[in-house]
Amino acid sequence: MPASQRTDDDTLLLFAIDRLAFAVPAALVEAVVMPPEKLTRPPGSDAGRPGIFRHHGAVYSLIELAARLGLEGERPVGRLLLNSENGRRHALHVDEVIGLVRPEQGRWAMLPPYLPRHTFPRGFLHKERIFLYSEPALLLQLQDHGALRRHLEELRAKEEPVEEPVDEVIEEVVEERQEVVIEEPPKPEPKSAPTPKPKPKPR
């Protein structure tokens, strides 16, 4: 649905690409579907726009957001968010669709200053996770965005456990063992020989 025909429904659709979490108006997403098994690759196709496919008789251009962000490696099957803007149909490939939420189920939040405000004007805090609020038409303009990769690296760094140096761990174990006092069980006292009973005197 074009932005000019947006409904009053302000429900948000939440999805993720790697550890990057996004929120877009659900009214701007026509449907969420599985990726097609085959693509037609017209001239000019590339990693960010690998091809086109048909869905219910309409032709959609597949947009690989992960590739446009410069993310390498294999991606999960994920889902496609179908969107139409100004007569053009696009299918945004995302790793995971988290679900639909109402704005009152979270709260609006500020984003780091290095993220572009024209693409992500604000954040949405939901279940202790910050979602980058945007619109499909704005996400289509992303091209190898360094600020988002920086944001991704910061998210990954927060999730990595802090490992102690091996030498320090060994020293702590040795110290703990030295502090342990092993008590030996008490030795049994030697048994004294039984006192012989006196013999009765003859009458």
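All values reported here derive from a predicted model rather than from experimental measurement.

Chemist: Quick question: what am I supposed to make of the layout of surface pockets here?
Modeler: A water-sized probe rolled over the atoms picks out the places where empty space is left. The computed volume of the largest pocket comes to approximately 300 Å³. Lining the largest pocket are 16 residues, and of these Arg129, Ile130, His151, Leu155 and Lys158 sit closest to its centre. When residues of the lining of the largest pocket are traced back to their parent elements, those giving at least two are strand E2 (20-25), strand E11 (129-133) and helix H3 (146-159). For the lining of the largest pocket, the class distribution of residues is nine nonpolar, one polar and six charged.

Chemist: What's the story with the environment of Arg54 in this structure? I'm lost.
Modeler: By the secondary structure assignment, Arg54 is in strand E4 (residues 51-55). Residue classification places Arg54 among the exposed positions, given a relative accessible area of 62%. Taking the C-alpha atoms as reference points, Arg54 and Lys38, 16 residues apart in sequence, are found 9.9 Å from one another. Polar side-chain contacts of Arg54 include one of 3.0 Å to the backbone oxygen of Gly57.

Cut-offs used in this document
- Residues numbered from 1 in each chain as written.
- Predicted model: local features only at pLDDT ≥ 70, side-chain atom pairs only at ≥ 80, totals over all residues.
- Heavy atoms only, no water.
- 1 Å grid on protein atoms, 1.4 Å probe; cavity = no way out; pocket = protein on both sides within 12 Å on 5 of 7 lines; lining within 4 Å.
- Points joined across faces, edges and corners; volume = space filled by probe spheres on them.
- Helix = DSSP H or I, 4+ residues; strand = E, 2+ residues; numbered from the N terminus.
- Nonpolar A, V, L, I, M, F, W, Y, C, P; charged D, E, K, R; others polar.
- Buried < 20%, exposed > 50% of the residue type's maximum accessible area, 1.4 Å probe, protein only.
- Polar contact = N/O pair within 3.5 Å; in protein donor to acceptor, adjacent residues only side chain to side chain.

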